[in-house]
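Report on the structure
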Amino acid sequence: MARKRKTSGRTPRRTRWFRTLIALAACGAAAGGLAAYRSLSDDTTERPVTMEEASRLALSRLNLYQASPVAVTLTATEGGGVVVRVKGVVDYRTHRAVGSYQVTGSTGDSGPSRLSGSAGPAAGRIDHGLIVWDTGGLGLAPAREGDNSPPWQQAEHIPRSGWSARSYTTDPLDAGLRLLIELGADRPDNPLLLAQSGARWLESERIDGRGYDRFAGPRAQGATPGAGQDGGRSPLTYWVDADGGLRRVTMRISGLGTPTTVEFSGRDGRAKLPETPWETG
């Protein structure tokens, strides 16, 4: 989105830290998916994934791609009591997404909202609107008053000039949006590389009555096993069912106690992503 409308004349800098996270997403989403749910194993001890698990994990990104458009909910804690929740759909075939957002909490004494850069709401009040994003950045627009249709329908009625576009920052919301848009892929990952890169089985859980295995993703390149506060573990964690379906991904952000969380709700066959926000000319 931000690629079509420049706000600074410069392309966004990609830090080595964030490139590592996206690499983990590419390798790790599979890590989550491969997450071999083995009928709720009795194991209670964290361990490396098996090759059988790695083979399933390697299919998780492809499963997301084939299920597109996929319904998602992203929750990011921005610090200072601010929570941003995005609900929408992602099309992994085009690497585009559209949804609605809500900001709750207080923006603190500085005034600007971290999401839009405009004057933020007082404590307890809600800011909301429409959001589109792709691999290059995001765009924001006011919600259509009195319109209860899905965000993807509302977005089609807003002209290209009605979107405020910007490049990604390193804030938790932006980090989550960038991770989310990269999770799907049109081919499976290499299970052997996943197993060799430090993906670990953590435990079995149930979500809404369904069984999932929880996995720590592959480690960042060069990370030393057992080193650091998290023992060299990846900041990404995945919940995957018996069929390699990805249900949840969390990403820990340095300095924040609450991770950014992405929930997948399956295919939304009604959704049709709009062209208007990405139109040129």
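Here's a quick rundown of the structure. (Residues numbered from 1 in each chain as written. Predicted model: local features only at pLDDT ≥ 70, side-chain atom pairs only at ≥ 80, totals over all residues. Heavy atoms only, no water.)

What to know about the overall build of the protein
- The number of helices and strands found in the protein is six helices and 12 strands.
- The buried share of the protein, taken over its 281 residues, is 49%.
- Residue pairs at least 24 apart in sequence account for 64% of intrachain contacts in the protein once pairs closer than 6 positions are excluded.
- Counting only carbon and sulfur atoms, one obtains 47% of the accessible surface of the protein, whose full area is about 13200 Å². (Helix = DSSP H or I, 4+ residues; strand = E, 2+ residues; numbered from the N terminus. Buried < 20%, exposed > 50% of the residue type's maximum accessible area, 1.4 Å probe, protein only. Contact = heavy atoms within 4.5 Å. Areas by Shrake-Rupley, 256 points an atom, 1.4 Å probe, with all protein chains shown as cover.)

Overview of the sheet that holds strand β12 (residues 260–267)
- Read from one edge of the open sheet, 12 strands run β1-β8-β9-β10-β11-β12-β2-β3-β4-β5-β6-β7, paired in antiparallel fashion. Where the open sheet ends on each side, the last strands, each with one partner, are β1 (47–48) and β7 (164–167).
- Across nine bridges, the pairing between strand β4 (residues 96–104) and strand β5 (residues 126–134) is antiparallel. Bridge pairing links Gly99 to Ile131 in β5.
- With respect to the sheet, helix α5 (residues 172–182) is in contact with β2 (70–79), β3 (82–91), β4, β5, β6 (137–141), β7, β10 (236–240), β11 (246–251) and β12, its orientation differing from that of β2 by roughly 155°. (Pairing = 2+ DSSP bridges. Axes fitted to C-alpha atoms, helices over the stretch in contact; angles between N-to-C directions.)

Quick word on the packing of aromatic side chains
- Scanning all chains against the criterion turns up zero aromatic pairs.
- Lying over the aromatic face of Tyr65, Arg93 brings its terminal NZ or CZ to 5.0 Å of the ring centre. (Phe/Tyr/Trp six-rings, centres within 6.5 Å; stacked < 30°, edge-to-face > 60°. Lys NZ or Arg CZ within 6 Å of the ring centre and 35° of its normal.)

Digging into the nonpolar core
- Counting residues in hydrophobic clusters, the biggest one holds 34 residues, and the most contacted among them are Trp133, Leu180 and Phe264.
- The leading source of residues in this core is α5, at six residues.
- Filtering out sequence-adjacent residues up to four positions away, Leu180 remains in contact with Val72, Leu74, Val90, Tyr92, Trp133, Val262 and Phe264.
- If you look at the next biggest cluster of nonpolar residues, it comprises 12 residues, including Trp152, Ile158, Ala271 and Trp278. (Core = buried A, V, L, I, M, F, W, Y, C linked by side-chain atoms within 4.5 Å.)

A word on the side chain of Asp134
- With respect to the element layout, Asp134 can be found in strand β5.
- A distance of 2.8 Å separates the side chain of Asp134 from the backbone nitrogen of Gly136, its partner in a polar contact. (Polar contact = N/O pair within 3.5 Å; in protein donor to acceptor, adjacent residues only side chain to side chain.)

Some remarks on the pairing of β11
- A large share of β11 lies buried, amounting to six of its six residues.
- Where β10 meets β11, five bridges bridge the pair, whose relative direction is antiparallel. Of the residues in β11, the one forming a bridge with Trp239 is Arg248.
- Connecting β10 to the next strand, β11, in antiparallel fashion are five residues, including Gly244 with a positive phi near 80°.

Section: unusual backbone geometry
- For the peptide bond that leads from Ser68 to Pro69, omega is 0°, which places it in the cis range.
- For Pro69, the location among the structural elements is in the loop between α3 (60–67) and β2.
- Positive phi, normally seen in glycine, also occurs at His95, with a value near 55°.
- For His95, the location among the structural elements is in the loop between β3 and β4.
- Residues other than glycine seldom take positive phi values, yet Asp208 does so here, at roughly 50°.
- Structurally, Asp208 is set in the loop between β8 (200–207) and β9 (210–216).
- Among the residues examined, Asp208 registers a relative accessible area of 69% and is labelled exposed.

A look at α5
- For α5, the buried fraction is high: 10 of the 11 residues fall into the buried class.
- Those residues of α5 not exposed but buried are Pro172, Leu173, Asp174, Ala175, Gly176, Leu177, Arg178, Leu179, Leu180 and Ile181.

A short note on the environment of Gly139
- By the secondary structure assignment, Gly139 is in strand β6.
- A sequence separation of 41 residues divides Gly139 from Val98, and the C-alpha atoms of the two residues are 9.4 Å apart.

Here's the deal with the pairing of β5
- For β5, the tally of buried residues reaches seven of nine residues, placing the bulk of the element in the interior.
- Here β5 pairs with β6 via four bridges, running antiparallel. Counterpart to Ile131 in the pairing with β6 is Leu140.

Focus on the side chain of Ser234
- As for its placement among the helices and strands, Ser234 is situated in the loop between β9 and β10.
- Accessibility expressed as a relative area gives 1% for Ser234, which makes it buried.
- Side-chain polar atoms of Ser234 contact the backbone oxygen of Pro218, separated by 3.4 Å.

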